[in-house]
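Remarks on the overall topology
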Amino acid sequence: MRIAHIASEAVPIAKTGGLADVTGALAKALGRMGHRIFLVMPLYRRSLNGPPDGEPVMPEIDAGGFRFRVFRKRIGPVDYLLLDAPRLFARPGPYGTPDGDYPDNPVRFAAFARAAILTIAGIAGGADILHCHDWQSALVPLLLGRDPALGGAMASTPTVLTIHNLAYQGSFEPWVIDAARLPRNLFTPDGFELYGTVNYLKGGILAADRLTTVSPRYAQEILTPAFGYGLEKVLTARKDRLSGILNGLDTAVWNPSTDPHLARNYSRRDVTRGKRICRTALAAELFLDDDDSPLVAIVSRMAEQKGIDLVAAAIDGIVAAGLRIAVLGAGDDDLQNDIVNACRRHPGRAAVRIGYDEAHAHRSYAGADFLLMPSRFEPCGLGQMIALRYGTLPVVNPVGGLADTVRDLAAEPETGNGFRIAALSPEGLIAALSRAASIIWNPSRLLQARRRAMAEDHAWTRPARQYEALYAELLG
Ligand code: ADP
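Report follows, based on the coordinates. No experiment lies behind these values; they were computed from the predicted model shown. (Residues numbered from 1 in each chain as written. Predicted model: local features only at pLDDT ≥ 70, side-chain atom pairs only at ≥ 80, totals over all residues. Heavy atoms only, no water.)

Quick look at the packing of aromatic side chains now. Overall, the coordinates contain 15 aromatic pairs when judged by the stated rule. On the numbers, 6.0 Å between centres and 45° between planes, the contact of Tyr 95 with Phe 109 is tilted. Taken together, the residues Tyr 95 in the loop between helix 2 (86-89) and strand 6 (96-97) and Phe 109 in helix 3 (residues 105-122) connect sequence positions 14 residues apart. Note on Trp 135 and Tyr 200: the rings are 6.2 Å apart at their centroids and 55° apart in plane angle, and the pair reads as tilted. Residue Trp 135 is found in the loop between strand 8 (129-133) and helix 4 (139-146), and its partner Tyr 200 is found in helix 6 (residues 200-207); the two are separated by 65 residues along the sequence. With respect to burial, Trp 135 and Tyr 200 carry one shared label: buried. One aromatic cluster is present, built from ring pairs that chain together Tyr 44, Phe 68, Phe 89, Tyr 95, Phe 109, Phe 112, Trp 135, Phe 172 and Tyr 200. Above the face of the Tyr 102 ring, Arg 91 is positioned so that its terminal group lies 4.9 Å from the ring centre. Its guanidinium or amino end placed over the ring of Phe 66, Arg 181 lies 5.2 Å from that ring's centre, counting from NZ or CZ. (Phe/Tyr/Trp six-rings, centres within 6.5 Å; stacked < 30°, edge-to-face > 60°. Helix = DSSP H or I, 4+ residues; strand = E, 2+ residues; numbered from the N terminus. Buried < 20%, exposed > 50% of the residue type's maximum accessible area, 1.4 Å probe, protein only. Lys NZ or Arg CZ within 6 Å of the ring centre and 35° of its normal.)

Around the ligand lies a shell of 17 residues, among which Arg 301, Lys 306, Gly 355, Tyr 365 and Leu 382 are the nearest. Note that an oxygen atom of the ligand is positioned 2.8 Å from one of the side-chain N or O atoms of Arg 301. Between Lys 306 and the ligand, the recorded distance is 2.9 Å, taken from a side-chain N or O atom to an oxygen atom. Here the ligand, which alone exposes 560 Å², has 87% of that area covered by the protein. Only strand 15 (295-302), strand 16 (324-331), helix 13 (358-367) and helix 14 (383-389) provide two or more residues apiece to the shell around the ligand. Its residues placed into classes, the shell around the ligand shows eight nonpolar, six polar and three charged. (Near = heavy atom within 4 Å. Polar contact = N/O pair within 3.5 Å; in protein donor to acceptor, adjacent residues only side chain to side chain. Areas by Shrake-Rupley, 256 points an atom, 1.4 Å probe, with all protein chains shown as cover. Nonpolar A, V, L, I, M, F, W, Y, C, P; charged D, E, K, R; others polar.)

What follows concerns the sheet that holds strand 11 (residues 193-194). The strand order 10-12-11 describes an open sheet built from three strands, whose pairing is antiparallel. Edge positions in the sheet fall to strand 10 (171-172) and strand 11, since each has one partner strand and no second. As defined by bridge partners, strand 10 adjoins strand 12 (residues 197-199) across two bridges and the pair is classed as antiparallel. When the sheet's bridge partners are listed, Phe 172 is paired in strand 12 with Val 198. The strands touched by helix 6 are strand 10, strand 11 and strand 12; relative to strand 12, the strand with the most contacts, the crossing angle is about 55°. (Pairing = 2+ DSSP bridges. Contact = heavy atoms within 4.5 Å. Axes fitted to C-alpha atoms, helices over the stretch in contact; angles between N-to-C directions.)

Our next topic: the packing of helix 3 against helix 4. At a closest axis distance of 9 Å, the pairing of helix 3 and helix 4 adopts a crossing angle of 60°. One way to sum up the angle between helix 3 and helix 4 is to call them oblique. The two elements helix 3 and helix 4 cross, and the hand of that crossing is right-handed. Where helix 3 abuts helix 4, its residues Ala 110, Ala 113, Arg 114 and Ile 117 lie against Leu 139, Val 140, Leu 143 and Leu 144. Each residue belonging to the contact of helix 3 with helix 4 can be placed in one class, and the counts come to seven nonpolar, no polar and one charged. (Parallel < 35°, antiparallel > 145°, perpendicular 65-115°, else oblique. Left-handed = near helix turned anticlockwise from the far one by under 90°.)

Here is the structure:
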């Protein structure tokens, strides 16, 4: 099959979050399976450190008045098609600066959606499937058949829209319709209008042939007001087209037996010894006491979504329960300060590193006994899957992808791989961690659980096959 992914970011070219990991890894996995894969994304000159090499691969594109040049970069089995419109995309960051989003984002990503369609129409052979990701490319399915500026290009090509996080919808005031030169007749309930605003994601949800989320549980949850962010009715209307496919992990990067960042590499065979050495090293790095007490780690964006406020309120109790805690994270200033202040009260028992630090993240996953993820919602979550691979038992709020991947060792002694938090509150976190801590004193049970966790298959092969099956179904 010829498949075009359309996204605002993808590894290894541009990344601000998990979206880039998924688009890049999925494209690569599908390419390795023998499909012809294009990944269409904006060219952020900063991510290439300057203008691209080589010549544009087709004549300049006019996307509703915005001119794009198209560059091609082949990486592994994937053809990255980079859409260059310096006035729109040569900026310090893809979506904004620390002070906020760019005010012309609706214009930028409307132009990108059009340019992506015209680009794919312009390559010899086109594409059999257009696979869009999140609000930045959600206009693609909507515009395909209904935008006169596209002249019917690709109009009947089947489309898939994957929702990676429903909290981001591309919701704007109606003035953007003219500013982005979008057809005014799309400002209706069967287009992108939602309660008097323009909502790009909503338009895509109605127009795409198939919808997916990044875990099966999240696909169910977003049909409810608690998780639907105002789109639950729209999604419910299309629920027969909606399914969930759990993300995979880059198992070459996340592998404790080859990970270059660890004090000692280990596998299932020598996990007890390996993790003990990694734990001692992690404790020393953070000036935590060197003793046998269980060590719980957090590796997370500092955001309300991730329950970091609950962690800050629980640290006194976690330490009182006899655990040590090591936090790595960056994000919201207030949450960072709350965590720093709570850790200051417990030298030797609680420590935090503020910042985005890839190497330290690897050492945290390897050195900790438990990984705490008290997320309020979690479309998929990578942290718990990485933890499992490192023999680190996840302690999670069972929502979204966390519910799909973590089974409680008390409820399922034979198949469990972690612990589920029963009540999402500081007390609930402390209770779950106390329960988890008790397994440390039962070495054979701990070893069994760790080995079971490490044996799980979270590679991209399975999800890529599920997407392949979805495409095949669409093509009949
Ligand atoms: P989200 O994409 O919502 O932030 P995920 O769990 O899907 O959450 O993915 C988070 C990824 O980012 C994981 O790979 C995690 O290791 C990494 N990460 C998060 N915070 C940090 C940090 N401060 N330093 C290094 N890596 C981090």
